[in-house]
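Residue strings, one per chain:
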Amino acid sequence: MKFFGYFRSSAAFRLRIAMNLKGLDYEFTLVNLQAGDQGGEEFKAVNPQGRVPALIVGNDTLIQSLAIMEYLEETYPDPPLLPSDPLGKAKVRAICGVIACDIHPLNNLAVLNYLRDKIDLSEADREKWYRHWVKEGFDALETMLSRSKEKGKFCFGDRPTLADVCLVPQIVNAQRFNCPLDCYPILSEIFEACMCIKEFSDAHPTEQEEASYLS
């Protein structure tokens, strides 16, 4: 498998965690988002959307982190990252959706660059934008998990699921943008539990080779 990603991309971060948890090997290709590699012809030939991650499997190219992780779950089911029952699966996917469909798309690099270049928002206003959408999503997640009878050490039970795989990169991004997190004790507790697991900590942006030479 060939993995196209960028160390700071939270979507690529998700996939790194999932690949680590599944114990899967891959060849990595850097797509430098800061340098604009995602808009170049070479990467657009891989993913016309110009987004990371992308995963080449045999003669096929998969895009969109959630879709790729679902593929990995079905193809490499051990260890499982989804509950076995349909209701449990739906609850885990709902947490993934809050993060990957509601928080992240509003705060990704393309949106922040658009706010800077086309709307002419100041850095301070862009940070307000970022923190607003993090707060909206984290408020909902904290409440959801406080009411969940399935919550254990992790978002759903006592072993990581795709919900945790999505949560950790979003919290790391929130830390980077100095979003207040003290009011989210449940999310923080889950985050700390995840980061004690090597497969999560090894996937952290600062642990990637390109972090040593890219700012």
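Refer to the structure presented above.
A short tour of the structure in this document, coming up.

Cut-offs used in this document
Residues numbered from 1 in each chain as written. Predicted model: local features only at pLDDT ≥ 70, side-chain atom pairs only at ≥ 80, totals over all residues. Heavy atoms only, no water. Helix = DSSP H or I, 4+ residues; strand = E, 2+ residues; numbered from the N terminus. Expected span 1.5 Å × (residues − 1). Buried < 20%, exposed > 50% of the residue type's maximum accessible area, 1.4 Å probe, protein only. Pairing = 2+ DSSP bridges. Axes fitted to C-alpha atoms, helices over the stretch in contact; angles between N-to-C directions. Contact = heavy atoms within 4.5 Å.

1. Some details on helix H7 (residues 162-176)
Along its 15 residues, H7 runs 22 Å from first to last C-alpha, staying within 8% of the 21 Å computed at 1.5 Å per residue. The buried fraction of H7 is high, at 13 of 15 residues. A positive backbone phi angle near 55 degrees is found at Asn178, which sits one or two residues after H7.

2. Digging into the sheet that holds strand E1 (residues 2-5)
Taken together, the 4 strands give an open sheet; going across it, the order is E2-E1-E3-E4, and neighbouring strands pair in mixed fashion. The sheet is open, and its two edges are formed by strand E2 (27-30) and strand E4 (60-63), each paired on a single side. Averaged over all pairs of adjacent strands, the angle between their axes in this sheet comes to 20 degrees, without regard to strand direction. Bridge analysis of E1 against E2 gives 4 bridges, and the strand direction is parallel. Bridging from a neighbouring strand, Phe3 pairs with Phe28 of E2. Running over the sheet, helix H3 (residues 65-75) touches strand E3 (54-57) and E4 and is turned about 120 degrees from E4.

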